[in-house]
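So the chains spell out like this:
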Amino acid sequence: FASVQRTLRLFFRVEACSCAPVHPQQAFCNADVVIRAKVVGEKEVDSGNDIYGNPIKRIRYEVKQIKMFKGPSQDIEAVFTAPVSAVCGVTLDASGKKEYLISGKAESAGSMHITLCDYIQPWDSLSTTQKKSLSQRYQMGCDCKIVRCPSLPCEISAPEECLWTDLMIEKQVYGRQANHYACVKRADGSCSWYRGVAPPKKDFLDAEDP
């Protein structure tokens, strides 16, 4: 258990910014906006004042949206984040050479805000299943609840839950379930892990738990 705690601190504690681990599907469902994009520019901008009258700085990334998986009808052109990691600011490569999957909260028209707690990954690091799931499968499971296994043994407490065991079994946050599975709702209202690049077939969705 101590090694798991160390892993959590390593992955999710950056100075004063601390985030609980989330499965990529959870991150998709929680986000207002999910896009594939290149970052083509970066500058520090003023974003109002704090309660003491001091200017609030943010980083504005100019992005070229390649595909929107979730969000408004208008393309995202700007991504804002805090200036340092201590307050959950995200550092992205602004050379325009790297594509990212970016999830976050919607702001004014054509913009969004991101933090280290959002799911942001280089596009090339995603598995084939993850890329395919962004288009439909994750959305199919947004009524499901992915429950992280805190210690072994563990079990679900409701039929709409899927048990996420990567951290306990593989000692890593993004293991087999995160990279290759989606938690999908079936016809009887229960949820179950589904693996595969193709969309779930009708016999899977119609299956009932014994």
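Residues numbered from 1 in each chain as written. Predicted model: local features only at pLDDT ≥ 70, side-chain atom pairs only at ≥ 80, totals over all residues. Heavy atoms only, no water.

Below, the discussion takes up empty space enclosed by the protein. Applying the stated criterion across every chain, the model contains 1 cavity of 30 Å³ or more. Size it by volume and the largest cavity reaches roughly 60 Å³. Lining the largest cavity, in full, are Pro24, Ala27, Phe28, Val34, Leu101, Ser103, Tyr119, Leu126, Gln130, Leu134 and Tyr138. If you list the elements that add at least two residues to the lining of the largest cavity, you get helix H2 (24–30) and strand S6 (99–106). Its residues assigned to classes, the lining of the largest cavity comprises 9 nonpolar, 2 polar and no charged. (1 Å grid on protein atoms, 1.4 Å probe; cavity = no way out; pocket = protein on both sides within 12 Å on 5 of 7 lines; lining within 4 Å. Points joined across faces, edges and corners; volume = space filled by probe spheres on them. Helix = DSSP H or I, 4+ residues; strand = E, 2+ residues; numbered from the N terminus. Nonpolar A, V, L, I, M, F, W, Y, C, P; charged D, E, K, R; others polar.)

Before going further, it helps to examine the UniProt feature "site: Involved in metalloproteinase-binding" (unreviewed entry) in the protein chain. In the UniProt entry, the feature "site: Involved in metalloproteinase-binding" (unreviewed entry) is given for Asn30 and Lys57. When residues no more than four places from it in sequence are discounted, the contact partners of Asn30 are Lys70 and Lys105. Among the secondary structure elements, Lys57 is positioned in strand S4 (residues 55–70). Apart from residues no more than four positions distant in its own chain, Lys57 is found in contact with Glu44, Val45, Asp46 and Pro83. Among the polar contacts listed, one links the side chain of Lys57 to the side chain of Asp46, at a separation of 2.6 Å. (UniProt positions renumbered as here; feature names shortened; annotations may be inferred. Contact = heavy atoms within 4.5 Å. Polar contact = N/O pair within 3.5 Å; in protein donor to acceptor, adjacent residues only side chain to side chain.)

A word on the state of the cysteines. According to the stated counting rule, one finds 6 disulfides in the structure shown. Between the sulfur atoms of Cys19 and its disulfide mate Cys117 the distance is 2.0 Å. When the S-S torsion is -75°, as for the bridge of Cys19 with Cys117, the disulfide is left-handed. Note that Cys19 is positioned in the loop between strand S2 (17–18) and H2 and Cys117 in the loop between strand S7 (111–113) and strand S8 (120–122), a separation of 98 residues in sequence. Residue pairing for Cys29: its cysteine sulfur links by disulfide to Cys142, the two sulfurs lying 2.1 Å apart. Between Cys29 and Cys142 the disulfide shows an S-S torsion of about -95°. By sign, it is left-handed. Of this pair, Cys29 sits in helix H2 while Cys142 sits in the loop between helix H4 (137–140) and strand S9 (145–148), and the two are 113 residues apart along the sequence. Take Cys29: its relative accessible area is 21%, and that puts it in the partly exposed class. Taken in sequence order, the bonded cysteines of the protein chain link in the pattern 1-4, 2-5, 3-6, 7-12, 8-9, 10-11. (Disulfide = S-S within 2.5 Å. Buried < 20%, exposed > 50% of the residue type's maximum accessible area, 1.4 Å probe, protein only.)

Moving on: the packing of aromatic side chains. Going through the model one piece at a time under the given rule, you end up with 4 aromatic pairs. An angle of 55° between the planes, with centres 6.0 Å apart, marks the rings of Phe28 and Tyr138 as tilted. Pair noted here: Phe28 is in helix H2 and Tyr138 is in helix H4, with a separation of 110 residues, a long-range link. Here Tyr138 falls in the buried class, since its relative accessible area comes to 2%. Note on Tyr181 and Trp193: the rings are 6.4 Å apart at their centroids and 85° apart in plane angle, and the pair reads as edge-to-face. Remark: Trp193 occurs in strand S12 (residues 191–195) and Tyr181 occurs in strand S11 (residues 181–185); sequence separation between them is 12 residues. Judged on exposure class, the residue Tyr181 and its partner Trp193 are both buried. Lying across the ring of Phe28, Lys70 places its NZ or CZ 5.3 Å from the centre. (Phe/Tyr/Trp six-rings, centres within 6.5 Å; stacked < 30°, edge-to-face > 60°. Lys NZ or Arg CZ within 6 Å of the ring centre and 35° of its normal.)

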